[in-house]
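# Secondary and tertiary structure notes
If you want the building blocks of each chain, they are given just below.
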Amino acid sequence: MHSTLRRLIAVAATLLLSAAAQADVVQVAVAANFTAPARALAEVFARTTGHEAKLSFGATGAFYTQIKNGAPFDVLLAADDERPARLEKEGDTVPGSRFTYATGQLVLWSAKPGFVDDQGAVLKGGNFGKIAIANPKNAPYGAAAVEAMNKLGVAAALQPKLVTGESIGQTYNFIATGNADLGFVALAQVLEGGKLKSGSMWIVPAQHHAPIIQDAVILKRAANNPAAKAWMELLRTPQSKELIRGYGYEVQ
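Everything in this summary refers to the structure shown in the same document. What you see is a predicted model; the values in this text were computed from it and never measured.

Here we take up the pattern of salt bridges. If you walk through the whole model with that rule in mind, you get nine salt bridges. Here Lys 68 and Asp 92 are joined by a salt bridge, their closest N and O atoms 2.6 Å apart. Highlighted residues: Lys 68 in helix 3 (residues 60-68) and Asp 92 in the loop between helix 4 (82-89) and strand 4 (99-104), separated in sequence by 24 residues. What makes Lys 68 partly exposed here is its relative accessible area of 38%. Look at Asp 92 and you get partly exposed, because its relative accessible area is 21%. Each member of the salt-bridge network shares a partner with another, and the members are Lys 68, Glu 90 and Asp 92.

Next comes the structure, spelled out in structure tokens:
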């Protein structure tokens, strides 16, 4: 990951030196699953453009509500394509700025080594206390988790064991701290350097839920913000795509 970051910094410096000489700030609302790569990209962004990306992390549904209520965000990096498309349709975005920056992968994860098997059979065994998911109304990864449990035929049996986080970040914390024995999170949250950081996991097959397509869009208030444009340009570079893949996402 470190060598990729260095290459990204070197190439981005060449690509983005033409950015505005005066530093600007872009306020970025980032889906919680994308926390680690967003922070890495923000570091590159500052070094190569002189602009600053101020990142806020949370659930996509909550960000949508905040934006509709006037929250001062310039860019939304969502965990789905639905909310950015809705904002676009409602006239709250810069026309033509929306694109897919990543496709996420859902995993069943436990902080305990050997607890989650490589087929997800632990779900049917039910030998655990609590299982965590993100709020499916606000978090697309939570909605995908519900789909997966229904697909596996375990949703009704697991309902009494569910602990719900308001975002995928809070859901991860429930599991990491032992407040839940296991749960559904984003693959990116449990990887470090392309390998599992700790515990045990099962990558949920893609056919168990709808694709987690994650779109980015510039919001209307940032139409004339050069930092917002530069941030989106950075996301599209081959080096950024390589970095994002390293965190467990699929990128076109």
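With respect to the helices and strands, Pro 72 occurs in the loop between helix 3 and strand 3 (75-77). When the C-alpha positions of Pro 72 and Lys 89 are compared, they lie 19 Å apart, and in sequence the two are 17 residues distant.

Under the defined criterion, the tally for this structure stands at five aromatic pairs. Between the aromatic rings of Phe 45 and Trp 231, the centroid separation amounts to 5.3 Å while the plane-to-plane angle is 85°, which identifies the pairing as edge-to-face. Of this pair, Phe 45 sits in helix 2 (residues 35-49) while Trp 231 sits in helix 10 (residues 226-236), and the two are 186 residues apart along the sequence. Taking the relative accessible area as the measure of exposure, Trp 231 reaches 0% and is therefore buried. Judged by centre distance (4.9 Å) and plane angle (5°), the rings of Trp 109 and Tyr 172 are stacked. Remark: Tyr 172 occurs in helix 8 (residues 168-176) and Trp 109 occurs in strand 5 (residues 106-110); sequence separation between them is 63 residues. Owing to a relative accessible area of 1%, Trp 109 belongs among the buried residues under this scheme. For Tyr 172, a relative accessible area of 18% gives the class buried. Among the aromatic residues, ring-to-ring pairing joins Phe 34, Tyr 101 and Tyr 249 into one connected group. Across the ring face of Tyr 64, the terminal group of Arg 86 is positioned such that the distance to the ring centre comes to 4.8 Å. Across the ring face of Phe 99, the terminal group of Arg 236 is positioned such that the distance to the ring centre comes to 3.8 Å.

How each quantity is defined
Per chain, residues are indexed from 1 in the order of the written sequence. A pLDDT threshold of at least 70 governs which residues receive local features in this predicted model, and a stricter bar of 80 or more applies before side-chain atom pairs are shown or counted, although totals over entire chains, interfaces and linings include all residues. For the side-chain quantities, the full set of heavy atoms in the structure was used; hydrogens and water were omitted. Salt bridges, as used here, are contacts in which a Lys or Arg side-chain nitrogen is within 4 Å of a carboxyl oxygen on Asp or Glu. The helix and strand labels rest on DSSP assignments: H or I over at least four residues marks a helix, E over at least two residues marks a strand, and numbering proceeds from the N terminus. Whether a residue is buried, partly exposed or exposed follows from its accessible area with a 1.4 Å probe, protein chains only, as a fraction of its type maximum: under 20%, in between, or over 50%, in that order. Classification of ring pairs rests on two measures: the distance between centres of Phe, Tyr or Trp rings, Trp counted by its six-membered ring, which must be within 6.5 Å, and the angle between planes, read as stacked under 30 degrees, edge-to-face over 60 and tilted in between. Here, over-ring charges are defined by two tests on the NZ atom of lysine or the CZ atom of arginine: distance to the ring centre within 6 Å, and angle to the ring normal within 35 degrees.

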